[in-house]
Every structure is written in structure tokens, then in C-alpha cells.
Amino acid sequence: MMRNLVNGAVGGALATAVYSAMLMAADRAGLLEEPPPRRFARMTLRGADKPKKGENVLGTIAHFAFGSTCGSVLGLLSAGQRVPVPIGTAYGLLVWYFGYQGLAPSIGAYPPVPKDRVGRQAALLAGHLMWGTALAVALNRLRTEKAPLTAELAPRVREQVRRVIPTPEPVAATRT
């Protein structure tokens, strides 16, 4: 389980590097106004209305920490098995949705997706789809078990779940 967590964190960091390159391209194309990691960092520092020393470094650290954390979740869910690339891409979509429809509007960083600029959200969505795809590829390269991910949990994972959540004993029917 720990290996899956670490592989997810490493995979998430690698995928975040891919996503960061996409953000830089979108920023240079004028689609973002301000890259989200920098905006989030600026909001945590005093005087959010003007640029501050260190906001780029803080934003980058926070971005990689968030990407690694989200990668760890998929690493744990995959139980060390192969993650189909479409599952990784869908996971990237899920992270984008919760980030830009939930988290970012709730802290005032960006408006909800329907009220935001289409160009910015298209770039952020494309970046998250790339992130999820890169995460799946990284997890598949880092994993040690070679079995494909199936709907059935691997026997080892099933046993771990049983230790945490024991199977209830069947209740005998009583006749009255």
C-alpha cells in the first residue's frame, strides 16, 4: 500500500511537470491572464491585489504538492495494478471539475466554469486531461505488479479491506 502511495505521489509530480508546461504555453498565448498556481499563492499572501516576492516559488511548490497528493489518491485506488489511460484521463477531468467548479470559486480565485472565460477554462481542461493521462502512464511505468486493473479487486487488496472492514457474520433466521 505504501508503495502505491509513493508511486502515486511520484507519478503526480511527473504529471504536474507535464501540466506545468501546458500552463506556460497557455499563459504565453494569453489564455490565462495569470497562471492558477501563482493566483492561488498570491491569495494566501498579504495584499492579494499586487505581485509579491516569492509567490512564484510558493505557487510552484503548492502546485506540485497538490498534483502529488491527487496522484497518491489514484495510486492507492489502483492498488498497484495497471491503470488504463482513459481512466487516468477521466481522473484528470474529475480533478479539473472539483478544482474549477468547486475549490477555485469557493475561495474567490476564479468564477465557476460557466461564468469564466472559455479560453481559460479550455486551456485548464486540456491541461488536466493531459495531467491525468500522464499520471496513468507514470503509474503504469512505476508499478511492480503486472496484472491489468480489473473490476474485481486483487486478492491482496481484498484481504487488506477485510482486515479494516470485517465481513459481517451471517444472521441466522429465527422462526417464531
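See the structure shown above.
In this report, the structure presented in the accompanying data block is examined.

### As for helix α4 (residues 85–107)
Relative to the 33 Å expected for 23 residues at 1.5 Å per residue, α4 spans 32 Å between its end C-alpha atoms, a close match to the ideal helical length. Inspection of α4 places Gly88, Tyr91, Gly92, Val95, Trp96, Gly99, Tyr100 and Ala104 among the buried residues, and these make up the whole buried set. Next to the buried residues of α4 lie α1 (2–28), α2 (36–44), α3 (55–78) and α5 (118–142). Directly beyond the C-terminal end of α4, a positive phi value near 80 degrees is found at Gly108.

### Observations regarding the packing of aromatic side chains
One pass over the structure, following the stated rule, counts four aromatic pairs. Taken together, the ring pairs in this structure connect Phe40, Tyr100 and Tyr110 into an aromatic cluster.

### As for the layout of surface pockets
Taken as a whole, the largest pocket encloses approximately 410 Å³ of empty space. Lining the largest pocket are 21 residues, and of these Phe40, Ala62, His63, Phe66 and Leu103 sit closest to its centre. Top element by residues in the lining of the largest pocket is α3. It accounts for six residues. Partitioned by chemical class, the residues of the lining of the largest pocket number 14 nonpolar, seven polar and no charged.

### Points about the packing of α4 against α5
Relative orientation of the contacting elements α4 and α5 amounts to 140 degrees, with a least axis distance of 7 Å. Classified by the angle their axes make, α4 and α5 are oblique. Taken as a pair, α4 and α5 cross one another with a handedness that is right-handed. Contacts between α4 and α5 involve Val85, Gly88, Thr89, Tyr91, Gly92, Leu93, Val95, Trp96 and Tyr100 from the first element and Gln121, Leu124, Leu125, His128, Leu129, Trp131, Gly132, Thr133, Leu135, Ala136 and Val137 from the second.

Basis of the calculations
- Residues numbered from 1 in each chain as written.
- Predicted model: local features only at pLDDT ≥ 70, side-chain atom pairs only at ≥ 80, totals over all residues.
- Heavy atoms only, no water.
- Helix = DSSP H or I, 4+ residues; strand = E, 2+ residues; numbered from the N terminus.
- Expected span 1.5 Å × (residues − 1).
- Buried < 20%, exposed > 50% of the residue type's maximum accessible area, 1.4 Å probe, protein only.
- Contact = heavy atoms within 4.5 Å.
- Phe/Tyr/Trp six-rings, centres within 6.5 Å; stacked < 30°, edge-to-face > 60°.
- 1 Å grid on protein atoms, 1.4 Å probe; cavity = no way out; pocket = protein on both sides within 12 Å on 5 of 7 lines; lining within 4 Å.
- Points joined across faces, edges and corners; volume = space filled by probe spheres on them.
- Nonpolar A, V, L, I, M, F, W, Y, C, P; charged D, E, K, R; others polar.
- Axes fitted to C-alpha atoms, helices over the stretch in contact; angles between N-to-C directions.
- Parallel < 35°, antiparallel > 145°, perpendicular 65-115°, else oblique.
- Left-handed = near helix turned anticlockwise from the far one by under 90°.

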